[in-house]
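Results of the structural survey
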Amino acid sequence: MGFLIDPCLIRAPIRALFSFCILSIILSTSSSSLAAAAAAKTRHFKWEVEYMHWSPDGLESVVMGINGQFPGPTIRARAGDTVHVELTNKLHTEGVVIHWHGIRQIGTPWADGTASISQCAINPGETFVYRFKVDRAGTYFYHGHYGMQRSAGLYGSLIVDVAEGEKEPFHYDGEFNILLSDWWHKSSHEQEVDLSSNPMRWIGEPQTLLINGRGQFNCSLAARFSSSTAARECRLRGNEQYAPQILRVQPNKTYRLRIASSTALASLNLAIGKHKLVVVEADGNYLRPFSVDNIDIYSGESYSVLFTTNQDPSNNYWLSINVRGREPKTPPGLTILNYSPTSASKLPNSPLPVSPRWDDYGSSKAFSNKILALTSTPKPPTTLHQVRPEQRFRPKTPSDNFKHDYDVMKPASNQNTTSGSGVYVLRFNTTIDVILQNANALKANVSEIHPWHLHGHDFWILGYGEGKFTESDIAKFNLKNPPYRNTAVIFPFGWTALRFVADNPGVWAFHCHIEPHLHMGMGVVFAEGVRRVKRIPNEALACGLTGKLLMNNVHN
């Protein structure tokens, strides 16, 4: 089954062209060793979500935190462990859910944390228990998935180490974990009102880029460490809420840097001055290692990179993040790689790392095309045959097509908004192809980056292309070693081809991971094998789509 989705028209209908090709496949499952299974544990967490005063970038705001922390606590577990989170909503007037980004929720679709799809929003004062298995090692994160609560700061890291007795396919001496985000001084609630207004008011660019929830607004990191009067005043205003977290290293060691992006809008580029980065993992899947000077990371993506501390240990070095794909109106986010025994207060004597120009898409595409799966990664199915899907949930199902004469290089002639609540009900255990087609936005000669994230699955990225997708592009698909991921970027005026197997019973969101785009409706819902879902908690039956589909007697 194949889907062609045009995600580029903000506030215009999400258009889909679906040429359906389905394959019955034999699934093979991998299991951990008996020793690893015996060592698996249940990790218990008790969380309270509430608003609190905080200074992410030196300017006090109201943020959404967990147990008094921003970002929220880091979850650390091993592959095969069960995570048990007892979440209490301490917000006074709104519901809350948390999505465990990258965790496939095999057998626990109600724990996916998508409001009105996998569960009801947790009402103020109520408690919901998320209990799920983390089946695969990797770099993940979690975030709010109700309204624009991710923009309000509801996010944190989720790290899954290899099972007891197993090893990573690469060596390192130490590890750092950084979570990237962007920050506005306008509240997420005001942003929601702006986006829902007529005419719509765009949220604008973020004021600050945050590294582990910390940034500096109107007070650059370089100024903080200088001896000028302004810098001294800046240091006096500093505190642990927004002071940069220094990465302290020993010379001649190899470090793993885990990176995840929970940004609401910004696509980013990350670099460490004078250090090469070897990319080894993406979205919880191992890659064929490759070396670069910098990496692009889009909202919803995660990576692991290795770097070696082989530079002059008497100096420190910048780690910087810069905006990609949008004209930069936000200063770089910065911290320092501090070589022992050099003082952390010593500024690097080299300039900031050079990132590609914000609109250098050739550089971005070259980076994406270097990302290839390790040989041990599952291969995509290759044999397809024609059949239509089950579509019984709604009398009016989502569109199968957009007009074939639609010109993706020009603004749409019809720029009105259309909304719908249909669900694509997929036959269980079939192979689904999705072609994400980018096009011109509402303004002429404008096409934006869109990172799309699929819940409940990983997919193979079969390829990228320029212009409008045609049947002849199928011959260009990479079926040998395509990356296996949960988030994929679509470049301006181009297309991205994905393939996944509908083998995880449940109801799953598939959407642009840019928060305001999702808020305005840039997403669809897939349902598969819902009759196979067992032991749904009562609190998920009331308004989650899995329960509704069961009650409507949908078979697939």
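Since the model is a prediction, treat every value here as computed from it, not as a measurement. (Residues numbered from 1 in each chain as written. Predicted model: local features only at pLDDT ≥ 70, side-chain atom pairs only at ≥ 80, totals over all residues. Heavy atoms only, no water.)

Describing the sheet that holds strand β4 (residues 42–54)
- Spatial strand order, β5-β4-β7-β9: four strands in an open sheet with mixed pairing. Two strands close off the open sheet at either side, each with one partner strand: β5 (61–66) and β9 (127–133). If you compare each strand with its neighbour and ignore which way they point, the axes differ by 20° on average.
- Relative to β9, strand β7 (residues 82–89) runs antiparallel, the two being bridged by seven bridges. Each residue of the ladder has a partner; that of T88, found in β9, is T127. (Pairing = 2+ DSSP bridges. Helix = DSSP H or I, 4+ residues; strand = E, 2+ residues; numbered from the N terminus. Axes fitted to C-alpha atoms, helices over the stretch in contact; angles between N-to-C directions.)

Observations regarding the packing of aromatic side chains
- According to the stated counting rule, one finds 27 aromatic pairs in the structure shown.
- An angle of 40° between the planes, with centres 5.0 Å apart, marks the rings of W47 and Y142 as tilted. Within this pair, whereas W47 is found in strand β4, its partner Y142 is found in strand β10 (residues 138–144), the two being separated by 95 residues in sequence.
- Ring centres of W100 and Y142 lie 5.5 Å apart, and the angle between their planes is 50°; on these two criteria the pair is classed as tilted. With W100 in strand β8 (residues 98–101) and Y142 in strand β10, the pair connects residues that are 42 residues apart, well separated along the chain. Each of the two residues, W100 as well as Y142, counts as buried.
- Feature note: the residues F45, W47, W100, F128, Y130, F132 and Y142 constitute an aromatic cluster, connected by ring pairs. (Phe/Tyr/Trp six-rings, centres within 6.5 Å; stacked < 30°, edge-to-face > 60°. Buried < 20%, exposed > 50% of the residue type's maximum accessible area, 1.4 Å probe, protein only.)

What about the pattern of salt bridges?
- Evaluation of the coordinates by the stated rule reveals 23 salt bridges.
- Residue E205 is joined to R326 by a salt bridge in which the shortest nitrogen-to-oxygen separation is 3.1 Å. Taken as a pair, E205 in the loop between α2 (188–196) and β13 (208–211) and R326 in the loop between β21 (317–324) and β22 (333–339) lie far apart in primary sequence, 121 residues in all.
- A residue is classified by how much of its surface remains accessible, and R326, at 14% relative accessible area, is buried.
- The network of salt bridges with common partners includes R76, D161, E175 and R258. (Salt bridge = Lys/Arg side-chain N within 4 Å of Asp/Glu carboxyl O.)

Quick look at helix α5 (residues 361–369)
- Of all the positions in α5, only Y361, S364, K365, F367 and S368 are classed as buried. Looking straight down α5, one finds its buried side chains confined to an arc of 160°; they lie on one side. (Arc of directions from axis to C-beta.)

Concerning the nonpolar core
- Counting residues in hydrophobic clusters, the biggest one holds 35 residues, and the most contacted among them are W47, W100 and Y130.
- Contributions of two or more residues to this core are made by β4, β5, β6 (75–78), β7, β8, β9, β10 and β11 (155–161).
- Setting aside chain neighbours within four positions, we find Y130 in contact with V83, H84, V85, L87, V97, I98, W100, A111, G113, Q119 and I122.
- Listed in part, the 33 residues of the second largest apolar core include F176, I211, L277 and V279. (Core = buried A, V, L, I, M, F, W, Y, C linked by side-chain atoms within 4.5 Å. Contact = heavy atoms within 4.5 Å.)

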